Each structure stands twice: as structure tokens, then as C-alpha cells.
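Overview (structure and organization)
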Amino acid sequence: MANELMDKLMSDMELDNVVGGAGYAYFMKRKDGKYDIVSATDKLTPAQGKGILAGKPPASLGIVKSIKTHFHVGIQADKLDAVKQKLNKIYNGCTFQDI
């Protein structure tokens, strides 16, 4: 009986697809004080985030096609709160990390 119930539970990925999921955003501070940001529909490693910001193709970084990424460069520090609010709205919740 317990195994039967466990088989019917949704995986985290299935649950994310049903409720809209959450996003991940990675912030990299530049020497000029501005920020470059990469956001994704799934968790990335810091190296993958830096690679995207460096212009490398996602496939070369081991990022599968089902993971959608977007990047924003040259964001002023005083605009970060607005960017975070927008990312939370877009992804229906977002996890932020400095890289």
C-alpha cells in the first residue's frame, strides 16, 4: 500500500510544471559596480552561469534545451531590487545567488 501511494506522488519537476515552477537568478558583480544577471528555469552551476554571461552556447556548458535561460548585462546596483521583483513575478518565485 505504501509503495502504491509513493508511485502516485509527483516528482519535483512534475510539480514545477503544474504550478509554474520557480526560477533561478545568478548575479555577477562587475568591476564598474554594475551587475550581469543570468536567469534560468532550472538550477545552474556558477560555472554555467558565468559561461552564459561570457557568451558561450548553453549546450557547450551542459545545459539541456529544456532549460530556458535569459541574461541581462550592465544592471545598475540601485536597480537590483526592481529586477529581483520582476524576476519573482516572471518565474512565480525566484532563488537568487551571487556568482
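These numbers come from a predicted model, not from an experiment. (Residues numbered from 1 in each chain as written. Predicted model: local features only at pLDDT ≥ 70, side-chain atom pairs only at ≥ 80, totals over all residues. Heavy atoms only, no water.)

Some words on the packing of aromatic side chains
Remark: the centre distance and the inter-plane angle together describe each pair of aromatic rings, the angle taken between the planes. Scanning all chains against the criterion turns up one aromatic pair. The lysine or arginine in question, K84, covers the ring of F27, its NZ or CZ lying 5.5 Å from the ring centre. (Phe/Tyr/Trp six-rings, centres within 6.5 Å; stacked < 30°, edge-to-face > 60°. Lys NZ or Arg CZ within 6 Å of the ring centre and 35° of its normal.)

Digging into the confidence of the model for the protein chain
Do not read the predicted coordinates in detail wherever pLDDT is low. Of all residues in the protein chain, 79% have pLDDT values of 70 or greater, and the mean over the chain is 85. Across residues 15-19, where pLDDT falls below 50, the model places four contacts with residues more than four positions away in sequence or in other chains. (pLDDT = per-residue confidence, 0-100. Contact = heavy atoms within 4.5 Å.)

So, the environment of G55
Counting through the fold element by element, G55 comes out in the loop between α3 (46-53) and β3 (69-75). Looking at G55, the relative accessible area reads 62%, which means it is exposed. Sequence-wise, G55 and F71 are 16 residues apart; in three dimensions their C-alpha atoms are separated by 9.8 Å. (Helix = DSSP H or I, 4+ residues; strand = E, 2+ residues; numbered from the N terminus. Buried < 20%, exposed > 50% of the residue type's maximum accessible area, 1.4 Å probe, protein only.)

Points about the sheet that holds β3
Read across the sheet, four strands follow the order β3-β2-β1-β4 without closing on themselves; strand pairing throughout is mixed. In the strand order of this sheet, the two ends are held by β3 and β4 (94-98), each with one partner. Direction aside, neighbouring strands of the sheet carry axes that sit 20° apart on average. In this sheet, β4 lies alongside strand β1 (residues 23-29) in parallel orientation, the contact comprising five bridges. Looking at the pairing, Y24 lines up with T95 of β4. On the sheet, α3 packs against β1, β2 (35-40), β3 and β4 and is oriented at approximately 115° with respect to β2. Packed on one face of the sheet, helix α4 (residues 80-91) meets β1, β2, β3 and β4 and runs near 10° to β2. (Pairing = 2+ DSSP bridges. Axes fitted to C-alpha atoms, helices over the stretch in contact; angles between N-to-C directions.)

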